[in-house]
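Residue strings, one per chain:
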Amino acid sequence: MKTIHLHSIKFIVTAIVVTMFFSCNNDFDKVQQVGVLQNQPIGEAVNIDLDYTEFEEDTVRLLANLLSPKMLDYSNRSFAFSEFPEGVELFIFDDDGNKTTITSNYAIVYSDTDLIDLRGDVKIATHQKDTLFTEQLYYNQKLEWAFTNEPFVFKSLTSLTHGVGFDSDKNLKETQVLEMGGDFEVDN
């Protein structure tokens, strides 16, 4: 009787294990879809025209205006960012209302570090006709500092500078260059 009872228990345990094994259907396609969904943006915006303003007493002052055909919001990631895959055009206004224009074919803004990565035909043009051209430029919003390690061309009314590696304040006045060449006007 004990062998029959032991045999029945083994049979039941085996049946349960086999049933559990075959009932756990692991659909690899569904598992892959979970990863794909996590890599998708949480939001998408088109035809962006964003004004950044500041209130001073009873007036509103425009500080910047961002235009872009498309923005993808990846704030669902552990290192959040916004991507502008079709480029940006950004107008920055100083205290006197003078405009600096920044354009690029692609941009990405990292929320946690306040770092902006501009790529592809990057151009910064100030109201004083100073213009910087490069293929990639980073802008640190906290420090208000722009930098690149890529080749660049910097045109002003009096000079044409080219080189590799460029650092500058937001007004392109305090500049540092790693390697440079070009035509310069020198005061005697």
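Here, the structure is the one placed above.
What you see is a predicted model, and the numbers here were worked out from it, not measured in a lab.

Parameters at a glance
- Residues numbered from 1 in each chain as written.
- Predicted model: local features only at pLDDT ≥ 70, side-chain atom pairs only at ≥ 80, totals over all residues.
- Heavy atoms only, no water.
- Helix = DSSP H or I, 4+ residues; strand = E, 2+ residues; numbered from the N terminus.
- Buried < 20%, exposed > 50% of the residue type's maximum accessible area, 1.4 Å probe, protein only.
- Contact = heavy atoms within 4.5 Å.
- Areas by Shrake-Rupley, 256 points an atom, 1.4 Å probe, with all protein chains shown as cover.
- Pairing = 2+ DSSP bridges.
- 1 Å grid on protein atoms, 1.4 Å probe; cavity = no way out; pocket = protein on both sides within 12 Å on 5 of 7 lines; lining within 4 Å.
- Points joined across faces, edges and corners; volume = space filled by probe spheres on them.
- Salt bridge = Lys/Arg side-chain N within 4 Å of Asp/Glu carboxyl O.
- Core = buried A, V, L, I, M, F, W, Y, C linked by side-chain atoms within 4.5 Å.
- Polar contact = N/O pair within 3.5 Å; in protein donor to acceptor, adjacent residues only side chain to side chain.
- Phe/Tyr/Trp six-rings, centres within 6.5 Å; stacked < 30°, edge-to-face > 60°.

Caption draft 1: Seen up close, the overall build of the chain. Tallying secondary structure elements over the chain gives two helices and 11 strands in all. Helices (α) and strands (β) of the chain occur, in sequence order from the N terminus, as α-α-β-β-β-β-β-β-β-β-β-β-β. Expressed as a percentage of the 188 residues in the chain, the buried residues total 30%. Residue pairs at least 24 apart in sequence account for 33% of intrachain contacts in the chain once pairs closer than 6 positions are excluded. Entry remark: accessible area of the chain is about 13100 Å², with carbon and sulfur atoms responsible for 56%.

Caption draft 2: Up close: the pairing of strand β10 (residues 160-169). Relative to β10, strand β9 (residues 145-155) runs antiparallel, the two sharing nine bridges. Note that in β10 the partner of Phe154 across the bridge is Thr161. The hairpin turn running from β9 into β10, its antiparallel successor, is four residues long.

Caption draft 3: Structural view of the layout of surface pockets. Within this model, the largest pocket holds a volume of roughly 1100 Å³. If you trace the largest pocket, you find 36 residues lining it, with Leu63, Ala64, Leu90, Ile92 and Tyr139 closest to the centre. For the lining of the largest pocket, the secondary structure elements donating two or more residues are β1 (43-56), β2 (59-74), β4 (88-93), β5 (99-104), β6 (106-110), β7 (115-125) and β8 (131-140). Element by element, the count of residues in the lining of the largest pocket is highest for β2, at five residues.

Caption draft 4: Structural view of the pairing of β1. The pairing of β1 with β2 spans 13 bridges and is antiparallel. Bridging across to β2, Asp49 finds its partner in Leu67. Counted between consecutive antiparallel strands, the loop separating β1 from β2 contains two residues, among which Glu57 sits at a positive phi close to 55°.

Caption draft 5: The pattern of salt bridges, seen in detail. A full pass over the atoms with the stated rule returns five salt bridges. Among the salt bridges present, the one from Glu54 reaches Arg61, with a minimum N-O distance of 3.7 Å. The residue Glu56 makes a salt bridge to Arg61 at a minimum N-O spacing of 3.3 Å. With relative accessibility at 36%, the residue Glu56 sits in the partly exposed group. Each member of the salt-bridge network shares a partner with another, and the members are Glu54, Glu56, Arg61 and Asp95.

Caption draft 6: Quick peek at the nonpolar core. By size, the foremost hydrophobic cluster in this structure holds 18 residues, and its most contacted members are Leu118, Leu132 and Leu137. Every element with two or more residues in this core is listed here: β7, β8 and β9. Of all the elements, β7 adds the most residues to this core, at four residues. Counting six residues, the second largest nonpolar core, distinct from the first, contains Leu72, Tyr74, Phe81 and Ile108.

Caption draft 7: Highlighting the side chain of Gln136. Along the chain, Gln136 falls in strand β8. Engagement of the side chain of Gln136 in a polar contact is seen with the side chain of Tyr138, the distance being 3.0 Å.

Caption draft 8: Summary view of the packing of aromatic side chains. The tally for this structure, following the rule as stated, stands at six aromatic pairs. For the pair Phe81 and Tyr110, a centre-to-centre distance of 6.1 Å together with 50° between the ring planes defines the contact as tilted. Taken together, the positions of Phe81 in strand β3 (residues 81-84) and Tyr110 in strand β6 put the pair 29 residues apart, joining distant regions of the chain. For the pair shown, Phe81 and Tyr110 are each scored as buried. For the pair Tyr138 and Phe147, a centre-to-centre distance of 5.4 Å together with 25° between the ring planes defines the contact as stacked. Among the aromatic residues, those joined into a cluster by ring pairs are Tyr74, Phe79, Phe81 and Tyr110.

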